[in-house]
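Chain by chain, the residues run as shown.
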Amino acid sequence: MKDQVRIQQEDFSQDEEIMALKASSMRMGGIATFLGCARDFSEGRSVSRISFDAYGSMALSEMKRIRLDAMERYDLIDARIVHRIATVSAGDNIVFIAAGAEHRAAAFDACRYMIDELKKRVPIWKKEITPEGDAWVSPHP
Amino acid sequence: MIDVLFFGPVVERTGASLLKVEFRPGMTLGELRDELAAMYPHAFEIVCLAAVDGQHARDFATQLVDGSEVTFMARFSGG
């Protein structure tokens, strides 16, 4: 069984993550997911690839903390967060978040909470590789 | 000795991902930041976050201990 919170180079399977989430309890009535993927266009420029840098140990511990915060705040049954640190191409997966709760409202709210907190609290940086040159990404709201 | 780590856009501006800084008793996070900002002004233009031993550090009066791992970071852009 893969860890509920992971940083990895390789791609992930949304189906496998959701199956693992569902396997944790039969009481789960709603699962909300967020999939972040690489765009081929940003700030008026074509983007061919995106690379990442991370403060790995802190990033993983912050992601674990965010999951626990969401579990407590939204009374989740289970949650999973997976972030890739690799060089990816347009359309590739970057981050996957899943929140499982008894009912849909908590699942939706928790999923939104986790991606928003990840963007604020997790030390990961994204660099866009374009035909005109490379540029570190300024965070989006 | 204090290990200072840099990542992402900051490391591009410092040119080094790790600096070793001599520890002085009573040294604060703010003093370390000011010293490094004087050495790497271009890098510290984008520094807005710090961490000590892998934990977010918001109080720059925090006293460091010998062997601390300190990071000065640009705003995150993961996800």
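Residues numbered from 1 in each chain as written. Chains lettered and ligands numbered in written order. Predicted model: local features only at pLDDT ≥ 70, side-chain atom pairs only at ≥ 80, totals over all residues.

(A) Just the overall build of chain A, in detail. Tallying secondary structure elements over chain A gives three helices and ten strands in all. Sequence-ordered secondary structure for chain A, helices as α and strands as β, is β-α-β-β-β-β-α-β-β-β-α-β-β. Expressed along its principal axes, the backbone C-alpha trace of chain A runs to roughly 50 × 25 × 25 Å. Per-residue burial over chain A gives 35% buried out of 141 residues. Long-range pairs, those at least 24 residues apart, make up 73% of the contacts in chain A between residues at least 6 apart in sequence. (Helix = DSSP H or I, 4+ residues; strand = E, 2+ residues; numbered from the N terminus. Buried ≥ 20, exposed ≤ 12 C-beta atoms within 10 Å, placed from the backbone. Contact = placed C-beta atoms within 7 Å.)

(B) Region of the structure containing the environment of A43(B). Residue and element names in this part refer to chain B. Locating A43 in the fold gives a position in helix α3 (residues 41–44). Each C-alpha atom of the pair A43 and M73 lies 9.5 Å from the other, and the pair is 30 residues apart in sequence. Sequence-distant contacts of A43, that is, excluding residues within four places in its chain, are made with V10, R13 and T14.

(C) Main features of the pairing of strand β6 (residues 78–84) of chain A. All names here are of chain A. Among the seven residues that make up β6, seven are buried, leaving the element largely enclosed by the rest of the structure. Of the two faces of β6, both are covered, the one formed by D78, R80, V82 and R84 as well as the one formed by A79, I81 and H83. In the sheet, strand β1 (residues 5–8) pairs with β6 via four bridges, with the strands oriented parallel. Counted as the bridge partner of Q8 is R84 from β6. By the bridge criterion, six bridges tie β6 to strand β8 (residues 93–101) in an arrangement that is antiparallel. Note on β8: the bridge partner recorded for A79 is A99. (Pairing = 2+ DSSP bridges.)

(D) Summary view of the interface of chain A and chain B. Tallying the contact residues gives 20 residues for chain A and 14 residues for chain B. Those elements that place two or more of their residues in the side of chain A that touches chain B are α2 (56–74), α3 (104–121) and β9 (124–130) of chain A. Within the side of chain A that touches chain B, the residues separate by chemical class into twelve nonpolar, five polar and three charged. (Nonpolar A, V, L, I, M, F, W, Y, C, P; charged D, E, K, R; others polar.)

(E) Region of interest: the confidence of the model for chain B. Confidence in the prediction for chain B averages 97 pLDDT; 100% of positions are at 70 or higher. The ipTM assigned to the predicted complex is 0.94, against a pTM of 0.95. (pLDDT = per-residue confidence, 0-100.)

(F) Representation of the packing of α2(A) against α3(A) in the model. Residues and elements named next belong to chain A. Look at α2 against α3: their axes get within 10 Å of each other, and the N-to-C directions meet at 150°. When the axis of α2 is compared with that of α3, the two are roughly antiparallel. Read as a crossing pair, α2 and α3 show a hand that is right-handed. Contacts between α2 and α3 involve E62, M63, I66, R67, A70, R73 and Y74 from the former and A106, D109, A110, Y113, M114, E117, L118 and R121 from the latter. Of the residues assigned to the contact of α2 with α3, the class counts are nine nonpolar, no polar and six charged. (Axes fitted to C-alpha atoms, helices over the stretch in contact; angles between N-to-C directions. Parallel < 35°, antiparallel > 145°, perpendicular 65-115°, else oblique. Left-handed = near helix turned anticlockwise from the far one by under 90°.)

(G) Region of the structure containing the sheet that holds strand β7 (residues 88–89) of chain A. Residues and elements named next belong to chain A. Taken in spatial order, the four strands make up an open sheet running β7-β5-β9-β10, and their pairing is antiparallel. The strands lining the two open edges of the sheet, one partner per strand, are β7 and β10 (133–136). The pairing of strand β5 (residues 49–54) with β7 spans two bridges and is classified as antiparallel. What sits directly across from R49, in β7, is S89.

(H) Structural view of the nonpolar core. Ranked by size, the top nonpolar core spans 55 residues in total, and within it L76(A), I97(A), A99(A), A110(A) and M114(A) carry the most contacts. Contacts of I97(A), omitting those with residues within four sequence positions, involve T33(A), F34(A), I81(A), C111(A), M114(A) and I115(A). (Core = buried A, V, L, I, M, F, W, Y, C linked by C-beta atoms within 7 Å.)

(I) Quick peek at the environment of H56(B). By the secondary structure assignment, H56(B) is in strand β4 (residues 55–56). What makes H56(B) partly exposed here is the crowd of 14 C-beta atoms within 10 Å.

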